[in-house]
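Residues per chain, in single letters:
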Amino acid sequence: MKYKYIAIEREYGSCGTQIGQELAKECGIPCYGREILEMISEKYHISVEQIEKYEEKATNSFLYSIALMGKIQSAEEDIWSREEKIYLEEQRLIKQLASEGPAVFVGRCASAALENQKNVLRVFIYADTDFRKENAIQKYGIAEKAVENVLKRYDRKRGSYYGANTGKNWKDWRNYDIILNSGKLGISGCVNTLKSLQ
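In this text the structure is predicted, and so the values were computed from the model without any measurement.

Colleague: Summarise the packing of helix α7 (residues 129–140) against helix α8 (residues 147–166); cite the residues concerned and give the values.
Modeller: Axis separation between α7 and α8 bottoms out at 10 Å; the angle between their running directions is 100°. Looking at the two axes, α7 sits roughly perpendicular to α8. Taken together, the residues of α8 that come into contact with α7 (itself represented by Thr-129, Arg-132, Lys-133, Ala-136 and Ile-137) are Val-147, Glu-148, Leu-151 and Asp-155. Among the residues forming the contact of α7 with α8, the class breakdown is four nonpolar, one polar and four charged.

Colleague: Requested: an account of the sheet that holds strand β4 (residues 120–126), with residues and values cited.
Modeller: Taken in spatial order, the five strands of this open sheet run β2-β3-β1-β4-β5, and their pairing is parallel. Edge positions in the sheet fall to β2 (31–32) and β5 (178–181), since each of these pairs with one other strand and no more. Sitting on the sheet, helix α9 (residues 182–196) is in contact with β4 and β5, with an inclination near 135° to β5.

Colleague: Outline the packing of aromatic side chains, supporting the account with residue identities and numerical values.
Modeller: Enumeration over the complete set of coordinates arrives at five aromatic pairs. Ring geometry for Phe-124 against Trp-170: centres 5.2 Å apart, planes inclined by 80°, an arrangement best described as edge-to-face. One end of the pair, Phe-124, is in strand β4; the other, Trp-170, is in the loop between α8 and β5, with 46 residues separating them in the sequence. The exposure class assigned to Trp-170 is buried, which follows from its relative accessible area of 4%.

Colleague: Any chance you could break down the pattern of salt bridges for me, citing the residues and the numbers?
Modeller: Inspection of every chain in the model, using the stated rule, returns 11 salt bridges. Here Asp-177 ties to Arg-122 by a salt bridge, and the two come within 3.0 Å at their closest N and O atoms. Here the residue Asp-177 occupies a position in the loop between α8 and β5, and Arg-122 occupies one in strand β4, the gap between them amounting to 55 residues. Classification of Arg-122 as partly exposed rests on a relative accessible area of 26%. Here Arg-132 ties to Asp-155 by a salt bridge, and the two come within 2.3 Å at their closest N and O atoms. Taken together, the residues Arg-132 in helix α7 and Asp-155 in helix α8 connect sequence positions 23 residues apart. Classification of Arg-132 as buried rests on a relative accessible area of 5%.

Colleague: Could you give me a rundown of the pairing of strand β3 (residues 103–106), with the residues and numbers involved?
Modeller: Here β3 shows two buried faces, one formed by Ala-103 and Phe-105 and the other by Val-104 and Val-106. With four bridges joining them, strand β1 (residues 5–10) and β3 adopt parallel strand pairing. Looking across to β3, one finds that Ile-6 is bridged to Val-104. Of the strand pairs in this sheet, β2 and β3 are connected by two bridges, and their pairing is parallel. Within β3, the residue paired with Tyr-32 across the bridge is Phe-105.

Colleague: A description of the environment of Leu-197 should follow, citing residues and the corresponding values.
Modeller: Of note, Leu-197 is situated in the segment after α9. In contact with Leu-197, not counting residues within four places along its chain, are Lys-2, Tyr-3, Leu-121 and Ile-178.

Colleague: Account for the side chain of Asn-175, naming residues and giving values.
Modeller: Considering the arrangement of structural elements, one finds Asn-175 in the loop between α8 and β5. The buried category is assigned to Asn-175, whose relative accessible area is 8%. Leaving out residues up to four positions away in the same chain, Asn-175 has contacts with Arg-122, Tyr-162, Lys-168 and Asn-169.

Colleague: Can you break down the packing of helix α1 (residues 16–27) against α9 residue by residue, with the values?
Modeller: Two elements in contact, α1 and α9, have axes separated by 8 Å at closest approach and are oriented at 30°. Between α1 and α9, the interaxial angle falls into the category roughly parallel. Here α1 and α9 pass one another in a crossing that is right-handed. Across from Gln-18, Ile-19, Glu-22, Leu-23, Glu-26 and Cys-27 in α1, the residues of α9 making contact are Ser-182, Ile-187, Cys-190, Val-191, Leu-194 and Lys-195.

The rules we used
- Residues numbered from 1 in each chain as written.
- Predicted model: local features only at pLDDT ≥ 70, side-chain atom pairs only at ≥ 80, totals over all residues.
- Heavy atoms only, no water.
- Axes fitted to C-alpha atoms, helices over the stretch in contact; angles between N-to-C directions.
- Helix = DSSP H or I, 4+ residues; strand = E, 2+ residues; numbered from the N terminus.
- Parallel < 35°, antiparallel > 145°, perpendicular 65-115°, else oblique.
- Contact = heavy atoms within 4.5 Å.
- Nonpolar A, V, L, I, M, F, W, Y, C, P; charged D, E, K, R; others polar.
- Pairing = 2+ DSSP bridges.
- Phe/Tyr/Trp six-rings, centres within 6.5 Å; stacked < 30°, edge-to-face > 60°.
- Buried < 20%, exposed > 50% of the residue type's maximum accessible area, 1.4 Å probe, protein only.
- Salt bridge = Lys/Arg side-chain N within 4 Å of Asp/Glu carboxyl O.
- Left-handed = near helix turned anticlockwise from the far one by under 90°.

Set out below in structure tokens:
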């Protein structure tokens with residue numbers, strides 16, 4: 001296996017989660033996305049919804065990122081905010097899961113957690129707006145009149161979370177090894193492309 005770990009970031013409605021799950025199934029390895037939140041929820045007795053609210057508080061401020069990195073270096077956990085503690089726990093959990101063997105990770109800034117690991121394929125999945133709207137309506141039950149705002153909200157949340165915790169731009173192609181258009185390639189096309197790199 002050329003790549004031991006696959007870290008996927010994705011636009012909302014681009015089917016990135018489904019691509020990650022199907023790729024993991026094809027390769028016979030686990031896929032971790034929302035499962036990471038569920039593990040943290042169980043460990044700390046915090047609802048997944050509350051963790052998601054903490055994540056929404058993340059700011060896309062470079063100063064915030066620098067402050068966070070400084071706190072990580074100082075290891076003064078008592079001065080970290082709840083949001084920072086959740087992020088750090090996610091990162092620790094990703095590293096722990098990676099130590100157990102090959103896996104696909106969806107979201108959660110997994111590429112940052114695995115930056116010191118070898119054999120990591122960093123992937124970004126996107127699609128045109130119409131494709132994403134259709135998926136959001138049909139797969140997630142989003143009302144047609146609200147779908148455009150939902151797409152913007154989730155993309156903004158993901159971009160802010162990624163930026164706040166890595167100091168990088170979520171949509172900067174230089175952060176990734178491969179960028180796939182799921183609207184053009186389809187789910188199976190994306191899965192097959194990533195699998196061919198194994």
